[in-house]
Amino acid sequence: MRNQDLLPLDTATLGSLAVIGPNATPAVIQGGGSAQVGAHYTVSPLEGIRARSGDEVDIVYEPGCLIHKTLPALDQRWATLPGGEPGLEVEYFSGFELAGEPVLRKRVRDGSFFWFGDFSPEVDVNAFSARMIADFTPDQDGSFGFSLTSAGKTRMRVDGREVIDNWTQQSRGEAFFGVGSTEVCAEIELEAGRVYRIEVDYSREDSPLVAGCKIGCVPPIPDDMLERAVSAAGQADAAVVVVGLNGEWEGEGGDRVSYRLPGRQEELIE
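Residues numbered from 1 in each chain as written. Predicted model: local features only at pLDDT ≥ 70, side-chain atom pairs only at ≥ 80, totals over all residues. Heavy atoms only, no water.

Participant: Describe helix H3 (residues 225-235), listing the residues and the values that go with them.
Facilitator: Regarding H3, the residues found buried are Met-225, Leu-226, Ala-229 and Ala-232. All buried residues of H3 project into a common sector of 130 degrees when viewed along the axis, lining one side. Opposite the buried face of H3, at more than 90 degrees from it, the exposed residues are Val-230, Gly-234 and Gln-235. Residues of H3 that are buried in the fold lie against strand E1 (16-20), strand E2 (58-62) and helix H4 (265-269). (Buried < 20%, exposed > 50% of the residue type's maximum accessible area, 1.4 Å probe, protein only. Helix = DSSP H or I, 4+ residues; strand = E, 2+ residues; numbered from the N terminus. Arc of directions from axis to C-beta. Contact = heavy atoms within 4.5 Å.)

Structural data, given as structure tokens:
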């Protein structure tokens, strides 16, 4: 396929643009496992297109389908610190019981954690616990999915009510090189614009080899995702389709059984 006088798109003549695909946002810039490092910042295709287009182009986004194996990590689209800054706050405690005053506080961008080796002089990586705190503001009404996967013990509260228990009992899964838990999920009805306090407790107790956890979150999933994407593309002057893989499909410790795109992406492209 080659460009036949279509690109670059001209914002002066483009009235509407449909951005389609599961990899349009958030940004997918690395593989999983050892291929993943903490980037200083990321810009998703959707964010870049919106910034470049300004107010000149009407942009509609539809994912069309989903490709995650486990729920994507909670990120800055909905999560802010108690003071309003985007991201999550993490309080670290000495020992396994989240007791006493925190020895360290940090801001992070999303709910994916993997502690490997000494990461701070204040924290003993072999004997610590942590609490992740965020104010969650949904952008729509409906049933949001949340999940916890961990190497160590985890539990989640929403406005003080425990909604996920991955602390008192666990089942072994494939996460964290095969020593982590299976994903434990819950669906919670939320109201658009209301602020909910999310707290996740983590303890490294009973996980001597690896320390980590993932706080998953997915918005309400409509049954007609593909049809909505097709409709948006058909009504727009042009469509940008962003598909591919992510760190769950490209990483160490496992082989892909096919070169096909996961999910309904090939159908979406057609």
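Participant: Please provide a residue-by-residue account of the sheet that holds E2, values included.
Facilitator: Across the sheet, which stays open at both edges, the three strands sit in the order E2-E1-E14 with parallel pairing between neighbours. The open sheet terminates on both sides in strands that have one partner only, identified here as E2 and strand E14 (238-241). Direction aside, neighbouring strands of the sheet carry axes that sit 20 degrees apart on average. Two elements, E1 and E14, share four bridges in a ladder whose sense is parallel. Looking at E14, one finds that Ile-20 is bridged to Val-241. On top of the sheet, H3 reaches E1, E2 and E14; it is set at about 155 degrees to E1, its chief contact. (Pairing = 2+ DSSP bridges. Axes fitted to C-alpha atoms, helices over the stretch in contact; angles between N-to-C directions.)

Participant: So what about the pattern of salt bridges? Which residues, and what values?
Facilitator: Applying the stated criterion across every chain yields a total of 14 salt bridges. Glu-205 is paired through a salt bridge with Lys-153; the nearest N and O atoms lie 3.1 Å apart. With Glu-205 in the loop between strand E12 (196-203) and strand E13 (211-218) and Lys-153 in strand E9 (residues 153-158), this residue pair connects regions lying 52 residues apart in the sequence. Overall, the relative accessible area of 24% leaves Glu-205 in the partly exposed class. Looking at Lys-153, the relative accessible area reads 13%, which means it is buried. Measuring nitrogen to oxygen at the nearest pair gives 3.4 Å for the salt bridge that ties Arg-157 to Glu-199. (Salt bridge = Lys/Arg side-chain N within 4 Å of Asp/Glu carboxyl O.)

Participant: Tell me what's going on with unusual backbone geometry, and back it up with residues and numbers.
Facilitator: Negative phi is the rule for most residues except glycine; trans is the rule for most peptide bonds. With an omega of 0 degrees, the peptide bond between Leu-7 and Pro-8 qualifies as cis. If you trace the backbone, Pro-8 turns up in the segment before E1. A cis amide bond links Thr-25 to the next residue, Pro-26, at an omega of -5 degrees. Even without a glycine there, the phi angle at Phe-176 is positive, about 55 degrees. Here Phe-176 is to be found in helix H2 (residues 175-178). A positive phi angle, near 60 degrees, is found at Phe-177, a position not held by glycine. Considering the arrangement of structural elements, one finds Phe-177 in helix H2. For Phe-177, a relative accessible area of 54% gives the class exposed.

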